[in-house]
Amino acid sequence: MWLPLLVVLGLIFLYRWHRQSQILEDLSDKYVFITGCDTGFGNLLAKQLDSQGINVLAACLTEKGAQNLEKEASSRLQTVILDVTDSQSVNSAAKWASTIIKEKGLWGLVNNAGIGIPGGPNEWLSKDDFLKVINVNLLGAVDVTLHFLPLIRKARGRIVNVSSVAGRISICGGGYCISKYGIECFSDSLR
C-alpha cells in the first residue's frame, strides 16, 4: 500500500524539480521584440515580460498605443512605431533595435501584429480586401522576420509567429485563413 504512494510522491517531486530547473534565473540581459503591441495579446505580452525583468522592444502601429503602453510599463520597455506592411518602416525598426541591443542579439521575436477585417464570403470581397489582410498577417511577419534574423542568430534566440486555429481549418472567407495557413507554413520552413 505504501509503495504506490511513495512512487506517486517521487514522480511528483521529480516533475516539480524538472519544472523548476527549466526556469531561467537572470532575464535582465534578454531582449524581446514584439509587433502589434497597441492592444490585445501583444500589449498583454509586453507588459507581462516587462514585469518579469525582460527588456521589451514593443512595436506599435500608432503613437497613442505606444504612449499608453509606456505609461503602464517600466523603463525597460521601449516602444517604436512600426507598420509591418511598409518595408522601410520594418528596416528602420530593425536598425533601431540593433542600436539598443548591440552585440547581445535578440532573445525573442514575436510576430503578433494582425488583422481580421475585411472578411466575409469570398464573393463579396475584392482582391484588395484579400491583400490587405495578407499583407499584415503574412507578408508583414515574413518581412519582420527576415530583417530581424541576424539579431536572432546572434543570441541564438527564438521566433514566435502568432497564428490561429484558422491556420488549420478554414472557418471563414477572405484573407484571414489564407494568411494564418501561410504563417503556419512559414514557421515550418523556418524550422
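Everything discussed here concerns the structure shown above.
These notes cover the structure that comes with them. (Residues numbered from 1 in each chain as written. Predicted model: local features only at pLDDT ≥ 70, side-chain atom pairs only at ≥ 80, totals over all residues. Heavy atoms only, no water.)

**A look at helix α5 (residues 127-155)**
The terminal C-alpha atoms of α5 lie 40 Å apart, and with 29 residues this matches the ideal 42 Å at 1.5 Å per residue to within 8%. The largest bend along α5 reaches roughly 50 degrees and is located at F148, with the proline P150 sitting one to four residues downstream. Residue R156 follows α5 closely and has a positive phi angle near 50 degrees. (Helix = DSSP H or I, 4+ residues; strand = E, 2+ residues; numbered from the N terminus. Expected span 1.5 Å × (residues − 1). Bend = angle between axes of the 7 residues up to and from the residue.)

**Here we look at the environment of T79**
Mapping T79 onto the fold places it in strand β3 (residues 78-81). T79 sits 108 residues away from S187 along the chain, and the two C-alpha atoms are 25 Å apart. A distance of 2.5 Å separates a polar atom in the side chain of T79 from a polar atom in the side chain of E70. (Polar contact = N/O pair within 3.5 Å; in protein donor to acceptor, adjacent residues only side chain to side chain.)

**Topic: unusual backbone geometry**
Look at K102: it is not a glycine, yet its phi comes out positive at around 60 degrees. Within the element layout of this structure, K102 appears in the loop between α4 (87-101) and β4 (108-111). Its relative accessible area of 54% is what places K102 among the exposed residues. (Buried < 20%, exposed > 50% of the residue type's maximum accessible area, 1.4 Å probe, protein only.)

**Observations regarding the sheet that holds β3**
Strands pair in a sheet through their backbones, by hydrogen bonds, and they do so in one of two ways: parallel or antiparallel. The five strands are arranged β3-β2-β1-β4-β5 in an open sheet whose pairing can be described as parallel. Unpaired on one side and paired on the other, β3 and β5 (158-161) mark the two borders of the sheet. Between one strand axis and the next, the sheet turns by 15 degrees as a mean value, whatever way the strands run. Where strand β1 (residues 31-34) lies against β4, three bridges are found, and the strand directions are parallel. The residue of β4 that forms the bridge with F33 is L109. Helix-sheet contacts for helix α3 (residues 63-71) involve β2 (55-60) and β3, and the interaxial angle to β3 is about 175 degrees. (Pairing = 2+ DSSP bridges. Axes fitted to C-alpha atoms, helices over the stretch in contact; angles between N-to-C directions. Contact = heavy atoms within 4.5 Å.)

**Topic: the side chain of N55**
Along the polypeptide, N55 turns up in strand β2. By relative accessible area, which is 10% here, N55 ends up buried.

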